[in-house]
Amino acid sequence: MSLVDSLKRPEYTGQNRCLPCTVVNSVIVLVVALALGIFSPFVGLVVLVGGALAVYLRGYVVPGTPEFAPQLVAAVGLSHVFGHDDEGELRESESLTADVNPEVMLSTLLDAGVLYEEEDGLYLADHVREDWEETMATLRKADDEELADTVSTAVPFDAEVSPQFDGIGIDGPDMSVWMSRAQAIADVATIFALSEQGVPASIRLAATEPMRMFVEVCPDCGGPVEETTVRNCCGGTAGLYDSPEHAVLACSECDAVVYELDE
Ligand SMILES: [Zn+2]
């Protein structure tokens, strides 16, 4: 390994380079170098070259940059310049929840024939999958307004449902959540498919998140869903994106995250 390689941090450079971090750091290096240059042109030059090299090789030089640079860039309204105007990208999709014992949920789904157990794990029954994927295919064609309307009819409570940040915002009496389009489509299809199998409403709601484990076709675009890892720019800001890398089921075509594998 060369000296340059050992200095490199691939997690913050190359494909993973965060533009807000790079720009913010370059500006800081430049300002510091100019300030020092007033007293000693040589020191200023050393700082400029050293700082620029560090930003180039390591992604950033100011400690804690991944935590503040994206917010700083957003605060001064420059997010769109760095391709971060799509707030949905950094937004953590939440889940519909119901106060149901997971074991009760599992036994209900097994009894209803939705899932079946084999030695190596749980499987989704073929007839349920067919119905489920058909509903997803229909919902996929809906625009955000239509999808929001369908979500509000599907959830077993009164809720204000509206398109928000490229996804769906659900504001109900007990929960206020935001979901990506892909997850909203999957969950609505789950509620309909389980209702078809006679599963009670509270269980249907609680099953929406675990059912996403069985998704093989992207709810949003129809592309193949695969196990992969995602890394959000700079480790991101919210909840699960704090870990730099995590395993997910995601669409290999549109990158929609369908299920988080490691919590
Ligand atoms: Zn997709």
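Residues numbered from 1 in each chain as written. Predicted model: local features only at pLDDT ≥ 70, side-chain atom pairs only at ≥ 80, totals over all residues. Heavy atoms only, no water.

**Re the coordination of the zinc ion**
- Looking at the metal site, the zinc ion is ligated by Cys218 (SG), Cys221 (SG), Cys251 (SG) and Cys254 (SG), spaced 2.2 to 2.3 Å from it.
- In this structure, the zinc ion is surrounded by four donor atoms whose angles at the metal cover 99 to 117 degrees, and the resulting shape is tetrahedral.
- As a motif over one chain, the donors of the zinc ion read C-x2-C-x29-C-x2-C. Of this pair, Cys221 sits in the loop between α9 (201-211) and β6 (225-230) while Cys251 is found in strand β7 (residues 246-251), placing the two residues 30 residues apart along the sequence. (Donors = N, O, S within 2.8 Å, 3.2 Å for Na, K, Ca; no water. Tetrahedral: all angles 85-135°; square planar, octahedral: opposite > 155°, others 65-115°. Helix = DSSP H or I, 4+ residues; strand = E, 2+ residues; numbered from the N terminus.)

**Examining helix α7 (residues 144-154)**
- Turning to α7, its buried residues are Leu147, Ala148, Thr150, Val151 and Ala154. The buried residues of α7 occupy an angular sector of 165 degrees when the element is viewed end-on, so they sit on one face. In α7, the exposed positions that point more than 90 degrees away from the buried face belong to Glu145 and Thr153.
- At its buried positions, α7 is contacted by α6 (126-140), β3 (160-164), β4 (167-171) and α8 (181-196). (Buried < 20%, exposed > 50% of the residue type's maximum accessible area, 1.4 Å probe, protein only. Arc of directions from axis to C-beta. Contact = heavy atoms within 4.5 Å.)

**Digging into the environment of Arg204**
- With respect to the helices, strands and loops of the structure, Arg204 is situated in helix α9.
- In this structure the C-alpha to C-alpha distance between Arg204 and Pro156, which are 48 residues apart in sequence, comes to 9.2 Å.
- Here Arg204 is in contact with Thr190, Ile191, Leu194, Ser195 and Val199, once residues within four sequence places are set aside.

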